[in-house]
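Below, each chain spelled out in residue letters.
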2 protein chains.
Amino acid sequence: MEKPNFTIKGNICHTTPDGALSLHPDSYLVCENGVCTGVFPQLPDWAPQTVIDYGDLLVIPGLNDLHIHAPQFTFRGLGMDRELMQWLETYTFPEEAKYKALEYADEAYTIFADHMRRSATTRACVFATIHRPATELLMQKMEETGLVTYVGKVNMDQMSPQYLIEDTAQSERDTIDWLEATIDRFARTKPIITPRFIPTCSSQLLAALGRIAADYNIPVQSHLSENREEIAIVSKLEPDAASYGHAYDKYGLLGGNSPCVMAHCVHSSDIELELIRKRGVFIAHSPESNLNVSSGIAPIARYLDMGLNVGLATDVAGGSSECMFKAMAHAIQSSHMYWRLIDDSWPQLTFADVFHMATRISGAFFGKVGAFDPGYAFDALVIDDSNLLTPKPLTLTERLERLPYLATPQHIVAKYINATPLF
Amino acid sequence: MEKPNFTIKGNICHTTPDGALSLHPDSYLVCENGVCTGVFPQLPDWAPQTVIDYGDLLVIPGLNDLHIHAPQFTFRGLGMDRELMQWLETYTFPEEAKYKALEYADEAYTIFADHMRRSATTRACVFATIHRPATELLMQKMEETGLVTYVGKVNMDQMSPQYLIEDTAQSERDTIDWLEATIDRFARTKPIITPRFIPTCSSQLLAALGRIAADYNIPVQSHLSENREEIAIVSKLEPDAASYGHAYDKYGLLGGNSPCVMAHCVHSSDIELELIRKRGVFIAHSPESNLNVSSGIAPIARYLDMGLNVGLATDVAGGSSECMFKAMAHAIQSSHMYWRLIDDSWPQLTFADVFHMATRISGAFFGKVGAFDPGYAFDALVIDDSNLLTPKPLTLTERLERLPYLATPQHIVAKYINATPLF
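A brief look at the structure comes next. (Residues numbered from 1 in each chain as written. Chains lettered and ligands numbered in written order. Predicted model: local features only at pLDDT ≥ 70, side-chain atom pairs only at ≥ 80, totals over all residues. Heavy atoms only, no water.)

## With respect to the overall build of chain A
Move 1: Along chain A, the regular secondary structure elements total 13 helices and 17 strands.
Move 2: Relative to the 2.2 N^0.38 estimate, which gives 22 Å for 423 residues, the radius of gyration of chain A is 21 Å and therefore close to what a compact globule would have.
Move 3: If you line up chain A on its principal axes, its C-alpha atoms span 60 × 50 × 35 Å.
Move 4: Counting every position in chain A, which comprises 423 residues, the buried fraction comes to 66%.
Move 5: Intrachain contacts of chain A at a sequence separation of at least 6 include 75% that bridge at least 24 residues.
Move 6: Just so you have it, chain A exposes about 14,000 Å², and 50% of that area is on carbon and sulfur atoms.
Move 7: Here chain A contributes 33 positively and 51 negatively charged side chains, and the mean placements of these two sets differ by 1 Å. (Helix = DSSP H or I, 4+ residues; strand = E, 2+ residues; numbered from the N terminus. Rg over C-alpha atoms; globule rule 2.2 N^0.38 Å. Buried < 20%, exposed > 50% of the residue type's maximum accessible area, 1.4 Å probe, protein only. Contact = heavy atoms within 4.5 Å. Areas by Shrake-Rupley, 256 points an atom, 1.4 Å probe, with all protein chains shown as cover. Lys, Arg positive; Asp, Glu negative; His and termini not counted. Charge placed at Lys NZ, Arg CZ, Asp CG, Glu CD.)

## Examining the relation of the copies chain B and chain A
Move 1: For the pair chain B and chain A, the best superposition has an RMSD of 0.0 Å and corresponds to a rotation of 180° with a translation of 0.0 Å parallel to the axis. Here the copies are linked by what is in effect a two-fold axis. Among all residues of chain B, the minimum C-alpha distance to the rotation axis is found for Leu341(B), at 3.6 Å.
Move 2: The overlap is high: 100% of the interface residues of chain B also sit at the interface in chain A, so the same surface is used on both sides. (Least-squares fit on C-alpha atoms with pLDDT ≥ 70 in both.)

## Digging into the packing of aromatic side chains
For any pair of aromatic rings, the description rests on two quantities: the centre-to-centre distance and the angle between the ring planes.
Residue and element names in this part refer to chain A.
Move 1: Inspection of the entire model under this criterion finds 28 aromatic pairs over all chains.
Move 2: Between the aromatic rings of Phe73 and Phe112, the centroid separation amounts to 5.7 Å while the plane-to-plane angle is 70°, which identifies the pairing as edge-to-face. Within this pair, whereas Phe73 is found in the loop between strand 5 (63-69) and helix 1 (84-97), its partner Phe112 is found in helix 2 (residues 102-118), the two being separated by 39 residues in sequence. Side by side, Phe73 and Phe112 carry an identical accessibility label, which is buried.
Move 3: Between Tyr150 and Phe366 the ring centres are 5.6 Å apart and the planes differ by 20°, which places this aromatic pair in the stacked class. Of the two residues, Tyr150 is situated in strand 7 (residues 148-152) and Phe366 in the loop between helix 12 (351-364) and strand 15 (380-383); the sequence distance between them amounts to 216 residues.
Move 4: Phe366 gets classed as buried once you look at its relative accessible area, which sits at 15%.
Move 5: By way of ring pairs, the aromatic residues Tyr150, Phe282, Phe365 and Phe366 are connected into one cluster.
Move 6: The residue whose ring lies beneath Arg76 is Phe73, and the NZ or CZ to ring-centre distance is 4.0 Å. (Phe/Tyr/Trp six-rings, centres within 6.5 Å; stacked < 30°, edge-to-face > 60°. Lys NZ or Arg CZ within 6 Å of the ring centre and 35° of its normal.)

## Overview of the sheet that holds strand 6 (residues 121-127) of chain B
All names here are of chain B.
Move 1: Here we have 4 strands laid out as an open sheet, ordered 5-6-7-9, and parallel in their pairing. Across the chains shown, the open sheet's two edge strands, defined by having one partner strand only, are strand 5 (63-69) and strand 9 (189-191). Averaged over all neighbouring strand pairs, the angle between strand axes comes to 20°, with direction disregarded.
Move 2: Direction of pairing for strand 6 relative to strand 7 (residues 148-152): parallel, over a ladder of 5 bridges. The partner of Val126 across the bridge, within strand 7, is Val151. (Pairing = 2+ DSSP bridges. Axes fitted to C-alpha atoms, helices over the stretch in contact; angles between N-to-C directions.)

Structure representation (structure tokens):
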């Protein structure tokens, strides 16, 4: 892979490691050997003198979506009238079953990949379905987008409809075969172990997946404490586990060695949160999904205060859109309702909070990603907000603050991932 | 004004008077003398044979926004970190003060009117500022859009900053002068009496506005029971009133004779709701605003069950967008959180509910508006959803259900108001 050297000029905006806005109007963002060297008010003598001048545009780190279901993109915006378990049965499982047919998968994943390429997302953790061929097809398509992604073949061998269930031994074999086939196949697209969630995975399967994750040193993604009915099911299935999270942990599926990201954590108990912290698990906060399937509101301000790795996610199709700008708005809005309706002892989330979550915190799941610090991957969005007309003079902070509410993929005029422009 | 005769062919979708979806695939919507004659599966012999064939596109009634602040459009998406009273002081009042300068108003209202013209909104109740010249300029600009609107010069003579306050007598005179100047000036744009809300209006001013509304037979718009701090202020200012609503009613400003629309009603007491019902007041449910400025969630399912006129609104800039599609999504999402976090004895809102609210219920504020029944105003949006790609075959209902989440003004390919196409 080529290692580009260049400099970008514009309004460079990211966050500090402790979550404050770090704004550099009319500044220089230097890329050397494909990696950020830093942000400078003047073009340094030693920096690449090839300057791409974006004028008054906004330059921000790429947004990292920690949880999205590619096969569910086909019914985004539909079926928002059920809670989780009924939503899965009514809408999700019948749709995911269609991906047994590669032709359907090809059509659906082409649309998904095209949206992701043009979206604000630079890196993502993606669920596929149980089907190995369709999962590999999705990986191929994601590779072609230029995004950096983890893509998971889903495992489920119980409490699932007959048309969308695996034999336990076959699920294990398929997972190993899929890993062998894909672990070194792509530059940007890597496999991730993906038990759907505890209810749909037998103990035997969970144990096997834990072993595979350890053997191959592969990260893990799943769902955790999203919905009360789900949690009740888990406590019946795993009566000895101190929490839903402990059930994953028992099988080596809650981080520790390899990175782990768990979606939701809306209803996590203190003991579960303590384990999440201990294991360094990433939480994929999915605010729109939590509204749409009536899961509730996660106490994100508290989690941030605890120092947890709380990233942000769209969770299509619990969420209706792949747009991470919208996810930021929903995170702020949900925090307002948490404050108003549940507990006002935790502050509401600010723009800086959700920007930090979507960039630096989510990015950390992928390594040195999500900021413009020296040594960080050069992932950037260049945003032209000039058609968001107003006669009111706006500060740079205000221009940023509008993005969650007003920005769309059409405002992104350039998108860099690992220093390569996608468009 | 010309009275057009024509027929539209397409997938005609509206609601029945009791709020059910009424879907007519591949049908004919007939317009005679500028008014709907009805929807028919075949083109009737007697109907205008000039057929505009929209093929497989969706044809829905125009959406009616019952509450939007035109001067606040300049800071849409900004300042979402305060509750109502502090939000007004910090962001809103300083911005509204700028409209004393007609040049600023001209620039701002040009942008606002342009967005409204291209939006999903066909009719709206609009707040201006206290400034009469800028209000008349806004009315002129709204008239040019082709929308049907009520526009209100705001009144405020107390508890307001010195830079945005009126002398009581002057406020009354200005209001009368403004009414005299505008009541017959425009075809589509009419004045509406607009006390900002009880806290910023003296008893003397409220009494005067009530008299003026009655004398000129003009409708009234204001805010009601949005925020707990606001309600506490009102109960101090009007200690004898049984509720915030009763305070308006005391001055003849809560409907009865002329139509009245009150934004929010998030925290309305039973006695206030009873008066709202008795007076036939329209409630402008503004779900995004209620999230953004942390007001809370109104129990809309209960209000609908009570038979109240609960319309829908964007409430820019408490809401970030003029897009009524988004308002529908926020209404559904907020109802999910009401169900989850406050009271699950009321059902969550469905697409049919919010579609009905945005069309037929909101429309009723403007007369026979918001449906395709015989005798109704011919207000329609033609929506091309073909770029919302999916391989999943969608029913007509599903295509509609996606709109709140996925549709933007760009999906509107034609917009008719009183049978006149705006584009």
